[in-house]
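# Residue-level structure breakdown
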Amino acid sequence: TNGQQAPDEFCHILVPEQVRSGGFVEAAQISRAGYPNHYSHEAFVLRYQFLTLSKSSGEKEESVDMVIRQIVNHIMNGEKSFSAIVDISDFDPTGIQIGKTKVFLRQKALDILEGLLIQKSMILIQADSRRHIAQKRYA
């Protein structure tokens, strides 16, 4: 055994157990399942909450669940504002999986979310520009 924690000495009996308990097996399984993109819960909410209609509230897990549910519902219900530019016809809700501390995305789901983010940003910039022009015109 390597109870003395000496460098370069391995106990071949303990290594598999340490790999399992360290989460390496789960990480490899997720990666093999095709979820190469991952965000912490906080980072996901900060980035994609913009696509939802409401602000987040509650604990972080509830917030992540809420944000994902709202986005998926908008996409699956054929939200007109979401489908105008971005092709969402082959969106698969299983492309987004929630872990204990991270959100895992397949590449297609990430591409759709990023496209929707760009689309909504463009709409808000356009609306703000029109508001600014109207205010100057009537001021």
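Above this note sits the structure.
Report on the accompanying structure. All values derive from a computational prediction rather than experimental measurement.

Moving on: the packing of aromatic side chains. All chains considered together, the criterion is met by 3 aromatic pairs. Where Y39 meets F44, the ring centres are 6.3 Å apart and the plane angle is 65 degrees; that geometry is what we call edge-to-face. Judged by relative accessible area, which is 0%, F44 ranks as buried. On the basis of an interplanar angle of 45 degrees and a centroid distance of 4.9 Å, the ring pair of F44 and Y48 is categorised as tilted. On the criterion of helical spacing, the pair formed by F44 and Y48 is a turn pair, its members being 4 residues apart in helix α3 (residues 41-48).

Bringing the pattern of salt bridges into the picture now. Within the structure shown, the criterion is met by 2 salt bridges. A salt bridge links E114 to R47, with the nearest nitrogen and oxygen atoms 2.6 Å apart. A residue pair is termed long-range when its members are at least 10 positions apart, and E114 in helix α6 (residues 107-137) and R47 in helix α3 qualify at 67 residues. Exposure remark for R47: the relative accessible area of 37% places this residue in the partly exposed category. A salt bridge links R131 to D128, with the nearest nitrogen and oxygen atoms 2.5 Å apart. One end of the pair is R131 and the other is D128, both in helix α6 and 3 residues apart, which spans about a single turn.

Taking C-alpha positions, E114 is 8.6 Å from Y48, a pair spaced 66 residues apart along the chain. E114 has contacts with Y39, R47 and Y48, leaving out every residue within four places of it along the chain.

With that out of the way, let us pick up the pairing of strand β3 (residues 102-105). Direction of pairing for strand β1 (residues 37-40) relative to β3: antiparallel, over a ladder of 4 bridges. What sits directly across from S40, in β3, is K102. Note: strand β2 (residues 96-98) against β3, 3 bridges, orientation antiparallel. What sits directly across from I98, in β3, is V103. Where β2 folds back on β3, the antiparallel hairpin that results is connected by 3 residues.

Here we have 3 strands laid out as an open sheet, ordered β1-β3-β2, and antiparallel in their pairing. Edge positions in the open sheet fall to β1 and β2, since each of these has one partner strand only. The mean angle between the axes of side-by-side strands here comes to 20 degrees, regardless of whether they run parallel or antiparallel. Sitting on the sheet, α3 is in contact with β1, β2 and β3, with an inclination near 95 degrees to β1. Lying on the sheet, α6 is in contact with β1, β2 and β3; it crosses β1 at an angle near 60 degrees.

Cut-off values and rules
- Residues numbered from 1 in each chain as written.
- Predicted model: local features only at pLDDT ≥ 70, side-chain atom pairs only at ≥ 80, totals over all residues.
- Heavy atoms only, no water.
- Phe/Tyr/Trp six-rings, centres within 6.5 Å; stacked < 30°, edge-to-face > 60°.
- Buried < 20%, exposed > 50% of the residue type's maximum accessible area, 1.4 Å probe, protein only.
- Helix = DSSP H or I, 4+ residues; strand = E, 2+ residues; numbered from the N terminus.
- Salt bridge = Lys/Arg side-chain N within 4 Å of Asp/Glu carboxyl O.
- Contact = heavy atoms within 4.5 Å.
- Pairing = 2+ DSSP bridges.
- Axes fitted to C-alpha atoms, helices over the stretch in contact; angles between N-to-C directions.

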